[in-house]
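Below are the chains, spelled out letter by letter.
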Amino acid sequence: QVQLVESGGGLVQPGGSLRLSCAASGSIFNINDMGWYRQAPGKQRELVATISNDGNTNYADSVKGRFTISRDNAKNTVYLQMISLKPEDTAVYYCNADIKSSRYWRARDYWGQGTQVTVSS
């Protein structure tokens, strides 16, 4: 069994900063890509950023230059540093990871429960 647990969401004023964390635990042999997605009310879930296990990153155009994704492989943890936050960044942010639980099994996608980020004055 694998779990992803997010933390760090909350209410912040426009222009403010937040740092999200997501720790993977359980039966983990190897973690491939990790990433963050978000879903605003009435909208589809969208990619925010991803990072490979060797550090290659990919960002949505809307967050480039403001968000930074990073990971600590020793801790099975991925982070999302967000600065210059805008009201349109308001959403539930979900952690995602492609995890192999055993050398004999295929990797599969896991999702966290989501953490609310609200940007408002």
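Refer to the structure above for everything that follows.
Let me begin by describing the structure that accompanies this report. (Residues numbered from 1 in each chain as written. Predicted model: local features only at pLDDT ≥ 70, side-chain atom pairs only at ≥ 80, totals over all residues. Heavy atoms only, no water.)

Observations concerning the overall build of the protein chain
1) Next: Of regular secondary structure, the protein chain possesses 0 helices and 11 strands.
2) Next: Starting at the N terminus, the α and β elements of the protein chain follow one another as β-β-β-β-β-β-β-β-β-β-β.
3) Next: Here the C-alpha radius of gyration of the protein chain, 14 Å, is about what a compact globule of 121 residues would show, namely 14 Å.
4) Next: Counting only residues that meet the buried cut, the protein chain has 42% of its 121 residues in that class.
5) Next: Here the contacts in the protein chain between residues at least 6 apart in sequence split such that 55% fall between residues at least 24 apart.
6) Next: Of the roughly 6,700 Å² that the protein chain leaves accessible, carbon and sulfur atoms contribute 45%.
7) Next: With 13 positive and 10 negative side-chain charges, the protein chain shows a spacing of 3 Å between the two charge centroids. (Helix = DSSP H or I, 4+ residues; strand = E, 2+ residues; numbered from the N terminus. Rg over C-alpha atoms; globule rule 2.2 N^0.38 Å. Buried < 20%, exposed > 50% of the residue type's maximum accessible area, 1.4 Å probe, protein only. Contact = heavy atoms within 4.5 Å. Areas by Shrake-Rupley, 256 points an atom, 1.4 Å probe, with all protein chains shown as cover. Lys, Arg positive; Asp, Glu negative; His and termini not counted. Charge placed at Lys NZ, Arg CZ, Asp CG, Glu CD.)

Quick notes on the pairing of strand β4 (residues 30-39)
1) Next: Strand direction decides the pairing type here: β4 and strand β9 (residues 91-100), joined by 8 bridges, are antiparallel. The residue bridging Gln-39 from the neighbouring strand is Val-92, located in β9.
2) Next: In the sheet, β4 pairs with strand β5 (residues 46-51) via 5 bridges, with the strands oriented antiparallel. The partner of Trp-36 across the bridge, within β5, is Ala-49.
3) Next: Between β4 and the antiparallel strand that follows it, β5, lie 6 residues; Gly-42 among them carries a positive phi value of about 75°. (Pairing = 2+ DSSP bridges.)

Quick notes on the side chain of Arg-71
1) Next: Position of Arg-71 relative to the elements: it lies in strand β7 (residues 67-72).
2) Next: No salt bridge is formed by the buried Arg-71. Its closest oppositely charged neighbour is Asp-33, at 5.5 Å.
3) Next: Within the local environment of Arg-71, its side chain forms a polar contact with the backbone oxygen of Ile-31, the two atoms lying 3.4 Å apart.
4) Next: Separated by 2.6 Å, the side chains of Arg-71 and Asn-73 make a polar contact.
5) Next: Excluding its chain neighbours within four sequence positions, the residues that come into contact with Arg-71 are Ile-31, Asn-32, Asp-33, Met-34, Ile-51, Ser-52, Asn-53, Thr-77, Val-78 and Tyr-79. (Salt bridge = Lys/Arg side-chain N within 4 Å of Asp/Glu carboxyl O. Polar contact = N/O pair within 3.5 Å; in protein donor to acceptor, adjacent residues only side chain to side chain.)

Details of the environment of Val-12
1) Next: Considering the arrangement of structural elements, one finds Val-12 in strand β2 (residues 10-12).
2) Next: Sequence spacing of Val-12 and Ser-121 is 109 residues, and the spatial spacing of their C-alpha atoms is 7.7 Å.
3) Next: Look past the residues within four positions of Val-12 in its chain and what remains in contact with it is Ser-17, Leu-18, Leu-85, Thr-118, Val-119 and Ser-120.

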